[in-house]
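Examining the three-dimensional arrangement
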Amino acid sequence: MRNSKTVHIISLGCPKNRVDTERILSTLFDRGYTHSDDPLTARYIIINTCAFIEPAVEESIDAILDVKSEHPDAFVVVAGCLPLRYREDLVDSLPEIDLFLTPDRIHELPDLIAAKTAPDPRGDTIYGASVSGRVLTTPGYAYLKIAEGCSRRCTYCTIPSIRGPLRSYDSEMLAQEAESLASCNVRELVLVAQDLTAYGVEKNEKHSLTNLLKRLEIIQDLRWIRLMYLHPDGIPRSLPELMKNSEKILPYMDIPFQHVSDHVLKSMGRPWKGNRIRKLVDNLRNAIPGLVLRTTFMVGFPTERDEDFQELRDFVQEFRIEHVGVFAYSPEEGTPAFDLGNPIPDQVKNARSSEIQNIHSRFIKRRLKEKVGTTQESIIEGVSSETDLLLQGRTWDQAPEVDGVLYITSGDGIAGEIHKVKITATHGPDLFGEII
Ligand code: SF4
């Protein structure tokens, strides 16, 4: 039985999309809707999609088709990047979808639904469960999206055409959002954007990112601030000093390098050389003791020769970046790189990807083993998704959703609490520990 004002939401893609999911929920909650974890009881099913690369598009389409076939009587809303990228095509090819929602119209969703359905005789009841325009879906931590869009021109990337140019949110507005999140038991704030480094650049503001961080640091109940998606070009000179001296800004940086070969970087439209990346890593590590880095690499770009891959491989071996993600190149229609074709066979791409992952996992295994017996500040996220018998959390150097987790085998805590945890064992990318 479907409840008339109940919604079930499926959030695909990245943390930026998750923030939009939380905004969608808030908009609906403010108009009397409730959420159900069970799609069978929900009158409305929303799929917040990703369309950054072909596999993400396929995942989104599969999710839509699954929902439509399993819940033919539900009102289905498709939101996010898919309608932004394929607006007209989708209306023609998926006529069974009740509503397409682009991110700029999230606040209109209840009215758009109302216009498509019979008016609800009970009218709209306001009972806010929203936090600063969001309904949190993450335990103890929250993403803070500081900008939309991207004004860089990486030749393989669809984001600027899907999400538009960089638009930075006002720093005071972000600080208020962060205060509101902190008052709702959020202790870790994860700053995200397509390009964190460029925050404020389009307004010709100087030191925007560091000024924002200084403002966020004074929010009393916030304990950790984490930076994700820092573009390597233009990281503020003042950031390492700020990070080094801060009690809240974690010595953790996520900087997607994509490649280190000059030849590949140039054709990727990332106009700096591999040596600048090497120097950047050295400088940051020298400036910030104990710095933990995360990066992503793309293998199989059309211009990647054997010697370019070898250079990337050597970099991974030599620089031992703490957290590494590897993606195989996917040609995306409408991007400049699409015209280069897709000359590297999938088997070669997959083999290169596995080689990088294997080198990295040998290193990470040793690194995690060295943690056994040490004590690490860790955030509690709640009962483990794997078993009700364990609590789950993360050490300070594990970012949510991407870096592995910490299973807590002894001691108690609730989501958002930060405890000292003695690490007792490792398994794959995950850690086990006891609260002390
Ligand atoms: S910086 Fe990131 S989002 Fe912007 S164009 Fe390059 S890959 Fe795309």
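Heads up: the structure comes first, above all this text.
As the structure is a computational prediction, the values presented were derived from the model and not from experiment.

Topic: the site of the ligand
Around the ligand, the surrounding shell consists of Cys150, Arg152, Cys154, Tyr156, Cys157, Ile159, Pro160, Gln194, His231 and Arg270. Across the shell around the ligand, the residue classes break down as six nonpolar, two polar and two charged.

Examining the nonpolar core
Ranked by internal contacts, the top residues of the largest apolar core, which has 56 residues, are Ile146, Leu191, Leu216 and Met253. Here Leu216 is in contact with Leu144, Leu174, Ala175, Ala178, Leu189, Leu191, Leu222 and Ile225, once residues within four sequence places are set aside. Judged by nonpolar contacts, the second largest core, of 19 residues, contains Tyr44, Phe75, Leu99 and Val135.

A word on the sheet that holds strand β10 (residues 224–227)
Across the sheet, six strands lie side by side as β6-β9-β10-β11-β12-β13; this open sheet has parallel pairing. Of all the strands in the sheet, the pair left with one neighbour each is β6 (141–145) and β13 (323–328). Between one strand and the next, the sheet's axes are offset by a mean angle of 20 degrees, whatever the strand orientation. In the sheet, β6 pairs with strand β9 (residues 188–192) via five bridges, with the strands oriented parallel. Among the inter-strand pairings, Leu144 is bridged to a residue of β9, identified as Leu191. In the packing of helix α12 (residues 346–371) onto the sheet, the strands contacted are β12 (292–299) and β13, and the crossing angle to β13 comes to about 170 degrees.

Focus: the pattern of salt bridges
Per the stated rule, a full pass over the model turns up 33 salt bridges. For Glu401, the salt bridge identified is with Arg18, shortest N-O distance 3.2 Å. A residue pair is termed long-range when its members are at least 10 positions apart, and Glu401 in the loop between β15 (391–395) and β16 (406–410) and Arg18 in helix α1 (residues 15–29) qualify at 383 residues. For Arg31, the salt bridge identified is with Asp111, shortest N-O distance 2.6 Å. In this pair, Arg31 is assigned in the loop between α1 and β2 (34–35) and Asp111 in helix α4 (residues 109–116), connecting sequence segments 80 residues apart. Since its relative accessible area comes to 24%, Arg31 is described here as partly exposed. Asp111 sits in the partly exposed class, given a relative accessible area of 42%. Among the charged side chains, a network of salt bridges with common partners joins Asp20, Glu22, Arg23, Arg134, Lys145, Glu148, Arg163 and Glu177.

Quick look at helix α6 (residues 171–182)
Given a rise of 1.5 Å per residue, twelve residues ought to cover 16 Å, and the 16 Å separating the end C-alpha atoms of α6 matches this to within 8%. Among all positions of α6, only Leu174, Ala175, Glu177, Ala178, Ser180, Leu181 and Ala182 are buried. Where the residues of α6 are buried, they touch α1, β6, β9 and α7 (208–217). N-cap assignment for α6: the residue whose side-chain oxygen lies 3.2 Å from the backbone N of Glu172 is Asp170.

Analysis parameters
- Residues numbered from 1 in each chain as written.
- Predicted model: local features only at pLDDT ≥ 70, side-chain atom pairs only at ≥ 80, totals over all residues.
- Heavy atoms only, no water.
- Near = heavy atom within 4 Å.
- Nonpolar A, V, L, I, M, F, W, Y, C, P; charged D, E, K, R; others polar.
- Core = buried A, V, L, I, M, F, W, Y, C linked by side-chain atoms within 4.5 Å.
- Buried < 20%, exposed > 50% of the residue type's maximum accessible area, 1.4 Å probe, protein only.
- Contact = heavy atoms within 4.5 Å.
- Pairing = 2+ DSSP bridges.
- Helix = DSSP H or I, 4+ residues; strand = E, 2+ residues; numbered from the N terminus.
- Axes fitted to C-alpha atoms, helices over the stretch in contact; angles between N-to-C directions.
- Salt bridge = Lys/Arg side-chain N within 4 Å of Asp/Glu carboxyl O.
- Expected span 1.5 Å × (residues − 1).
- Polar contact = N/O pair within 3.5 Å; in protein donor to acceptor, adjacent residues only side chain to side chain.

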